[in-house]
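Observations on the three-dimensional arrangement
Each chain, letter by letter, is given below.
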Amino acid sequence: MPGQCCPGKPAVKRLRIGGQEVGIAGYEEMMERVLEHVHESDDEQREALLSELRACNYVPPSSEKEYLGALWSEFRQLRAKKLGQVEEQYRGIPREEIPWFPTIDRERCTNCGVCVDFCKRGVYTTSKFPMVTNPYRCIVSCTGCKDRCDAGAISFPSLVELRETMKQLRKKYGILTD
Ligand code: SF4
Ligand code: SF4
């Protein structure tokens with residue numbers, strides 16, 4: 001259930017939403033209340049965020065997704081701080097929103113371990129066979145391990161797909177240039 005909109009004059013935070021600066025009333029109180037849901041699922045936290053946002057602000061239905069995207073990005077940083085984690089970003093975009101990491105074809109993999117030894121970012125771990133256990137540590141646009149896999153078992157999205165994804169994410173976060 002959304003909290004009461006802050007009494008008196010609500011503090012306004014200016015955010016870039018859909019390429020424009022928008023003032024969000026009651027921002028700090030809203031974030032504090034949603035942070036109480038920190039151990040619930042992302043979907044539940046997003047729902048709480050939207051509900052709190054609507055309690056203090058008019059949200060045009062056609063722009064709801066953009067409002068939520070901008071607030072969610074802010075919320076994730078506060079959540080990471082609260083949990084003692086660091087929100088990793090790549091060029092101003094939360095790293096976890098960029099789908100760039102290796103995928104291993106189990107049929108082809110010969111279990112040689114080259115990828116695990118080669119990647120110094122700890123993207124892979126191995127027990128019986130190599131696994132991608134820390135995908136978002138992968139350096140965006142790096143394909144070093146793929147080039148060293150003689151079995152051709154490692155794949156990535158294409159650079160064309162990456163460019164298109166980055167274009168959409170820059171738009172989402174109001175980032176004008178790369
Ligand atoms: S380098 Fe290729 S074949 Fe070797 S373990 Fe990694 S994925 Fe498998
Ligand atoms: S592409 Fe580079 S950073 Fe990513 S897993 Fe392979 S070696 Fe590691």
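This is a predicted model, so every value here is computed, not measured.

**With respect to the site of ligand 2**
- Close contacts around ligand 2 come from Pro 102, Phe 118, Cys 119, Arg 121, Val 123, Cys 138, Ile 139, Cys 142, Thr 143, Gly 144 and Cys 145, and that covers them all.
- Residue composition of the shell around ligand 2, by class: eight nonpolar, two polar and one charged.

**Observations concerning the pairing of strand 1 (residues 12-17)**
- Summarising the sheet, strand 1 and strand 2 (residues 20-25) pair through six bridges and their orientation is antiparallel. Bridging across to strand 2, Ile 17 finds its partner in Gln 20.
- Connecting strand 1 to the next strand, strand 2, in antiparallel fashion are two residues, including Gly 18 with a positive phi near 55°.

**Section: the domain arrangement of the protein chain**
- Examined at the domain level, the protein chain breaks down into domain 1 (12-87) and domain 2 (93-172).
- Relative to domain 2, the C-alpha centre of domain 1 lies at a distance of 30 Å.

**Description of the environment of Leu 50**
- Mapping Leu 50 onto the fold places it in helix 2 (residues 42-56).
- Between the C-alpha atom of Leu 50 and that of Trp 72, which follows or precedes it by 22 residues, the distance is 9.3 Å.

**Overview of the site of ligand 1**
- With respect to spatial proximity, 13 residues lie near ligand 1, and among them Cys 109, Cys 112, Cys 115, Cys 149 and Ala 151 are the closest.
- Of the residues belonging to the shell around ligand 1, the class tally is 10 nonpolar, three polar and no charged.

Each value, and the rule that gives it
Residues numbered from 1 in each chain as written. Chains lettered and ligands numbered in written order. Predicted model: local features only at pLDDT ≥ 70, side-chain atom pairs only at ≥ 80, totals over all residues. Near = placed C-beta within 6 Å. Nonpolar A, V, L, I, M, F, W, Y, C, P; charged D, E, K, R; others polar. Pairing = 2+ DSSP bridges. Helix = DSSP H or I, 4+ residues; strand = E, 2+ residues; numbered from the N terminus. Domains from an automatic or database assignment.

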